[in-house]
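# Coordinates in review
Each chain is listed here by its residues.
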Amino acid sequence: MRNSTNAAAAGCCTLLPLLLFSVGAGAAGVPPALLVFGDSLVDDGNNNALPSTLAKANYFPYGLDFLGGEATGRFCNGKTVIDALCDLFGLEYLPPFTSTGQDGGASLLGCVNYASAAGGILDETGQHLGERFSLSQQVVYLETNLDTIRSSSQLTIGYEQFLTRSIAVMVLGSNDYINNYLLTPLYDSADKYTPEEFADLLINHYTRQILALYSVGVKKFLLAGVGPLGCIPCMRAFNQGQCVDQVNQLVGLFNQGLRSLVDQLNADHPDAAFTFGNTYDAIQDMIDNPNKYGFTVMDSGCCGLGQNKGQITCLPLLQPCGNRDQYLFWDAYHPTQAANLVLAQRAFNGTQEDVYPFNLQQLADKLIY
Ligand SMILES: *[C@@H]1O[C@H](CO)[C@@H](O)[C@H](O)[C@H]1NC(C)=O
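Residues numbered from 1 in each chain as written. Predicted model: local features only at pLDDT ≥ 70, side-chain atom pairs only at ≥ 80, totals over all residues. Heavy atoms only, no water.

This next bit is on helix α11 (residues 337-349). Under the 1.5 Å per step criterion, the end-to-end length of α11 is 18 Å for 13 residues, consistent within 8% with the ideal 18 Å. Of all 13 residues in α11, 10 are buried, a share of seventy percent or more. Those residues of α11 not exposed but buried are Gln337, Ala338, Ala339, Asn340, Val342, Leu343, Ala344, Arg346, Ala347 and Phe348. If you follow the buried residues of α11, they end up packed against α2 (81-89), α10 (279-288), β9 (327-329), β10 (355-356) and α12 (360-365). (Helix = DSSP H or I, 4+ residues; strand = E, 2+ residues; numbered from the N terminus. Expected span 1.5 Å × (residues − 1). Buried < 20%, exposed > 50% of the residue type's maximum accessible area, 1.4 Å probe, protein only. Contact = heavy atoms within 4.5 Å.)

In structure tokens, the structure reads:
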């Protein structure tokens, strides 16, 4: 994959059309890298390295269905959506940014994951849980890695092409609700902003960071919407097992704004491509039509305590459920590997209902100069 014999061609722009059909990072339809920004849905170990955070998943039974059956820091029994996407593209799994020594190094030329549990679009989101990388911090870390990427002898295509053809996968917004807007009185957002104003605020902050990435040369973006947070076990636990409709309506405003933003960004930046991942409807479909997916339990976590196993999330050494592929939710907040595989497949080759206006195969195939 990272073929250093191609290094000599890296500076030779006239060869680029040929390189598109060469092996490895040049293969058509496969991005040279995924650049991941997000929260615990896609953190694959960054928070392990943060000394003062409560948001960690580096203990059993997290990871028990992951490759070696060991806890990596993923907030899941197995693969995250990002792992599943790497499988679909034939890319290696992403090292967490904090494992790369923060100056990148060779691993940067595959995929790097900047996602951090408890992080959000707003800097203050999740602050009661301790240390985490907010979106703006994650973007700064990518920017600090650019020199390493540019000067790497492992770059098999030009630096600009590397960034242009990579796909930024962004999974954010859930914590801005769960660990901010909905958490009064710890946070005052709900006093300061109406639901509409708060969704606008998130979209404005998000836009600024997306454009920062665009301005350093990233041109392909998957922006994942927020799922039906009113239906996660920790919400149901405090509503007699039912989904909390008001919460679903709140995140609906954000999702509408994000979808509109994608239209606007595509119109304003014809040299780039942006797509919206319809996480909400995909998860709602799993709740409404569980048979399609082989699910039997949609309202409870597999690992947790109390009502809906959602009152207390998965703790060290708690005994998880046995039939994990039949569960939509792994713990009080996060989907199982089984659900993540479905989400990734839909993002990869789904219809415009799943991912709008391009799926990831189409996004990867797009030629951008
Ligand atoms: C996506 O790919 C899967 C696996 O190859 C296939 O079963 C499915 O029908 C495809 N979906 C669409 C919408 O093309």
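What follows concerns the confidence of the model for the protein. Per-residue confidence for the protein gives a mean pLDDT of 90, with 89% of residues at or over 70. The low-confidence segment residues 1-27, where pLDDT is below 50, has 39 contacts with residues more than four positions distant or belonging to other chains. (pLDDT = per-residue confidence, 0-100.)

Okay, the packing of aromatic side chains next. Applying the stated rule across the entire model yields 18 aromatic pairs. Consider the rings of Phe89 and Phe348, whose centres lie 5.0 Å apart with planes at 80 degrees: the pair is edge-to-face. With a gap of 259 residues between them, Phe89 in helix α2 and Phe348 in helix α11 connect regions that are remote in the sequence. Across the pair, Phe348 and Phe89 agree in class, each one buried. Within the aromatic cluster, the residues linked to one another by ring pairs are Tyr177, Tyr181, Tyr193, Phe198, Tyr206 and Phe254. The side chain of Lys219 reaches across the aromatic face of Tyr214, ending 5.4 Å from its centre. (Phe/Tyr/Trp six-rings, centres within 6.5 Å; stacked < 30°, edge-to-face > 60°. Lys NZ or Arg CZ within 6 Å of the ring centre and 35° of its normal.)

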